[in-house]
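The primary structure of each chain is shown beneath.
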Amino acid sequence: MARSFERIHRSNLIGMACCRCSSRAATRWQSLGIQGDEVIDVVLAKEIKPQTDAKLVITGSDGKAREVTVTLRIDTAIEVDYYKHGGILPFVLRQLLAA
């Protein structure tokens, strides 16, 4: 999760099927009280669409969980395909094998 991503970082991350999430304007890691020992689960909708909301479930070392809404930074339909295939390399390989 980040406030924003530069274009090259967005491209590299989606190419490796890393789920990018941007925090809302008022949400910062400091305001969430993140210490670094939490477990963070990303909950996506059943159908992934560009620029939709996702939910982070942040579970602290004390076992208490809280939810935060973030923006899913999968920005285009082709990025959805890359993500679903596990990255750009598996996507391209599947395309080649299907030809």
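One can find the structure itself at the top, above this paragraph.
Colleague: So what's going on with the pattern of salt bridges? Which residues, and what values?
Modeller: Side chains that carry opposite charge are capable of pairing whenever their charged atoms lie near each other. All told, the structure shown has five salt bridges when counted by the stated rule. Here Lys55 ties to Glu67 by a salt bridge, and the two come within 3.6 Å at their closest N and O atoms. You can see Lys55 sitting in strand E3 (residues 53–59) and its partner Glu67 sitting in strand E4 (residues 65–72), a full 12 residues away along the chain. Given a relative accessible area of 56%, Glu67 falls into the exposed group. One salt-bridge network, in which partners are shared between bridges, spans Arg10, Arg20, Arg73, Asp75 and Glu79.

Colleague: Lay out the sheet that holds E4 with the relevant residues and their values.
Modeller: One open sheet accounts for four strands, arranged E1-E4-E3-E2; its pairing is antiparallel. Only two strands of the sheet have a single neighbouring strand rather than two, namely strand E1 (21–22) and strand E2 (39–43). In the sheet, E3 pairs with E4 via seven bridges, with the strands oriented antiparallel. Bridge pairing in E4 places Asp53 opposite Thr71.

Calculation criteria
- Residues numbered from 1 in each chain as written.
- Predicted model: local features only at pLDDT ≥ 70, side-chain atom pairs only at ≥ 80, totals over all residues.
- Heavy atoms only, no water.
- Salt bridge = Lys/Arg side-chain N within 4 Å of Asp/Glu carboxyl O.
- Helix = DSSP H or I, 4+ residues; strand = E, 2+ residues; numbered from the N terminus.
- Buried < 20%, exposed > 50% of the residue type's maximum accessible area, 1.4 Å probe, protein only.
- Pairing = 2+ DSSP bridges.

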